[in-house]
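Each chain, written out:
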Amino acid sequence: MDSTRFEKLQKLRRRHLAYPYRFEVSHQIGEIRSRYEIEPGGREVCVRGIVKRVSKLEEGYMVRLSSPSGVEIVALCDEELKAGEEHTLKGKLGRHEGKLCLFSAVPSEEEAYPIESLKAEYDLDPCFEEVSMAGRLITLRSMGKALFGHLQDATGRVQVYIKRDVVGEEAFKDFEELVDTGDLLGVNGRLFRTNTGELTVEVKSFSLLAKSLHPMPEKWHGIKDVEVRYRQRYLDLIANETARRIFLLRSRVVQAVRDFLNREGFLEVETPILQHVASGANAKPFITYHNYLEQNLYLRIAPELYLKRLVVGGFNKVYELGKNFRNEGVDTTHNPEFTMVEFYAAYWDYQDLIDFTERLISHVLLSLMGSLKLTHKGRELDFTPPYKRYGYFELLEKKTGKGKDFFLKDLQGLRALARDVGVPKAETLTHAKLIDKVFDLLVEEELWGPCFVMDFPKLLSPLAKSHRQDPELVERFELFVAGKELANAYTELNDPVEQKERFLEQLREKEMGDEEAMQMDEDFINALEYGMPPTAGEGIGIDRLVMVLADVDSIREVILFPALRRS
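Residues numbered from 1 in each chain as written. Predicted model: local features only at pLDDT ≥ 70, side-chain atom pairs only at ≥ 80, totals over all residues. Heavy atoms only, no water.

**Q** I keep staring at the packing of helix 8 (residues 241-263) against helix 17 (residues 542-550) and nothing clicks. Help me out?
**A** Working note: a packed helix pair is described by the angle between its axes plus the distance between those axes. Running from amino to carboxyl end, helix 8 crosses helix 17 at an angle of 125°, the nearest separation of the two axes being 10 Å. With respect to their mutual orientation, helix 8 and helix 17 come out oblique. Crossing geometry of helix 8 relative to helix 17 is assigned as right-handed. In contact with Ile-246, Leu-249, Arg-250, Val-253, Val-254 and Val-257 of helix 8, helix 17 contributes Ile-542, Asp-543, Leu-545, Val-546, Leu-549 and Ala-550. (Axes fitted to C-alpha atoms, helices over the stretch in contact; angles between N-to-C directions. Helix = DSSP H or I, 4+ residues; strand = E, 2+ residues; numbered from the N terminus. Parallel < 35°, antiparallel > 145°, perpendicular 65-115°, else oblique. Left-handed = near helix turned anticlockwise from the far one by under 90°. Contact = heavy atoms within 4.5 Å.)

Set out below in structure tokens:
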């Protein structure tokens, strides 16, 4: 806690001005910006003006280019220009921190577009609209009888202008003496544009809503220390616009998935998170103890078996969007708790799900990104259907030269291959684990996709229906994008006798040391004995989908509060 800031808070307390109960907000900042600022969408233009100021950035330079009448536009350049010189710059129009900006600007000899005309086209006149807004004060500078600052909320930032002869002598003095950057501030005033074209609130009155007792991060343009960013996500969201964009995107992804499933006639349901049996996926569960019931319970590793009970009960299309929990390692694609959407449709098979998955992904991308093509890790991803399809063993044979029979029937040869390619502790793994780990190590990262990997070995798929052409396989696919598994789906096994045999095989795998093998769920078998129609089901990882859309490499970037070791 900063002692000077605390003293200011004490002054506010004595005057009964600390921590007011409410503040009337008429608009979010982003709402105002979207009303009066049109997005130029990358339009390529040339502008000519005098360089007023040049600022060095981490990469390149920011140039303030002024027309003869004093109207300015910002340009981002690789080349350092000198203040006072006149230049014509060519680049793509966008917005940088809310300001109209020429990106990737380079000197040009082409005919220039007047800065005034661009400003008039994209920066509309607010005509002194009265507004009431609140946010965090992220910059503050004194200009004698006036103060300029920027107010930021989750949707954007706007400049505020506090003038002595507008707010009054006493209020102006209070602002100078009691307000710091980082404080939460409410302002009432009218909107206008400055001579440089910046959207600004001329403040008539203000209210200090909460005092920040700690100085804000030095760089408002981003905290770089990932430990600080993940452990103190509130600071990350305050300081990093990219972080705010990612989590706003995540919320919109979840909503878009829900919208699509609801439109397609699926019913959203909720199933238990505390379960008597840890089943529905191959994973090690978290265990807790319930005092009243006097028994162990498990945090669910998947909602699958409960959702299929609902299909037995007559709900033909169901889905759940929520958290799963797996007691496994933490890396760039795994977190102990993660979000998935699982959905099940009676009378479908896995071929139906392929078309449905392509339509669902297309809906999300077109709704949120406006295109089926995006850039991830500097490479293009094209989600235009149909996606490529590969056989599971086709991919393994291409990498190893060995066919399906080798992987399914030559256990010693497979174990030797696993050791040769670097699978850890290959001598201790079960047959199913060996196949799975070899595939992960040799194939997955090369699947840029989007693509479907089809027809998995039955050994790896205890809940999937046997393939109608090959009894050693099951009707299952996984969707891979950028080397990551994004979705897992199959034609569901609905034969209770075969399902019980598969569970018993899982118990044998567990006895052989596989901690992730499924437990027997007798009640689920009992449900199947009442009859489950032909059904197909799928799970899609929300976190990994957001990683692809946000162009980030780590799952911690898309989970607000990821799992971390205690500091």
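**Q** Any chance you could explain helix 5 (residues 169-178) here in plain terms?
**A** For an α-helix, the turn length of 3.6 residues means that residues three or four places apart are oriented alike. Three or more residues of helix 5 are buried, namely Phe-172, Asp-174, Phe-175 and Leu-178. For helix 5, the arc enclosing every buried residue in end-on projection is 160°, short of the 170-degree limit, so these residues lie on one face. Set apart from the buried face of helix 5 by more than 90 degrees, the exposed residues are Glu-169 and Glu-170. (Buried < 20%, exposed > 50% of the residue type's maximum accessible area, 1.4 Å probe, protein only. Arc of directions from axis to C-beta.)

**Q** Can you help me understand the nonpolar core in this one?
**A** Taken as a class, soluble globular proteins show a tendency for nonpolar side chains to be buried jointly. Val-257, Leu-261, Val-341, Phe-343, Leu-360 and Phe-383 are the most contacted members of the largest nonpolar core, which totals 51 residues. Top contributing element to this core by residue count: helix 10 (residues 350-368), with nine residues. Other than its neighbours up to four places away in sequence, Phe-343 contacts Leu-261, Phe-266, Val-318, Tyr-319, Leu-353, Phe-356, Leu-360, Ala-536, Gly-537, Glu-538 and Ile-540. With 45 residues, the next largest nonpolar core counts Leu-395, Leu-460, Phe-503 and Met-532 among its residues. (Core = buried A, V, L, I, M, F, W, Y, C linked by side-chain atoms within 4.5 Å.)

**Q** I keep staring at the sheet that holds strand 20 (residues 451-454) and nothing clicks. Help me out?
**A** Within a sheet, each strand pairs with its neighbour through backbone hydrogen bonds, oriented either parallel or antiparallel. Ordered in space as 11-15-16-23-22-21-20-19, the eight strands form an open sheet in which the pairing is mixed. Because the sheet does not close on itself, it has two edges, and the strands there are strand 11 (267-268) and strand 19 (388-391). Against the sheet, helix 11 (residues 392-400) makes contact with strand 19 and strand 20, and its axis sits at roughly 75° relative to strand 19, the strand it touches most. (Pairing = 2+ DSSP bridges.)

**Q** Would you take a moment to explain unusual backbone geometry for this structure?
**A** Negative phi characterises most residues that are not glycine, and trans characterises most peptide bonds. Residue Pro-386 follows Pro-385 across a cis peptide bond; omega there is -5°. In this fold, Pro-386 is placed in the loop between strand 18 (379-382) and strand 19. Residue Pro-450 follows Gly-449 across a cis peptide bond; omega there is 0°. Structurally, Pro-450 can be placed in the loop between helix 14 (431-442) and strand 20. Although it is not a glycine, Lys-377 sits at a positive phi angle of roughly 55°. Checked against the element boundaries, Lys-377 lands in the loop between strand 17 (373-376) and strand 18.

**Q** Help me out: how do you make sense of the side chain of Asp-180 in this one?
**A** Structurally, the position occupied by Asp-180 is in the loop between helix 5 and strand 9 (184-193). Separated by 2.8 Å, the side chains of Asp-180 and Lys-8 make a polar contact. Non-local contacts of Asp-180, meaning those with residues more than four positions away in its chain, are made with Arg-5, Lys-8, Leu-137 and Lys-211. (Polar contact = N/O pair within 3.5 Å; in protein donor to acceptor, adjacent residues only side chain to side chain.)

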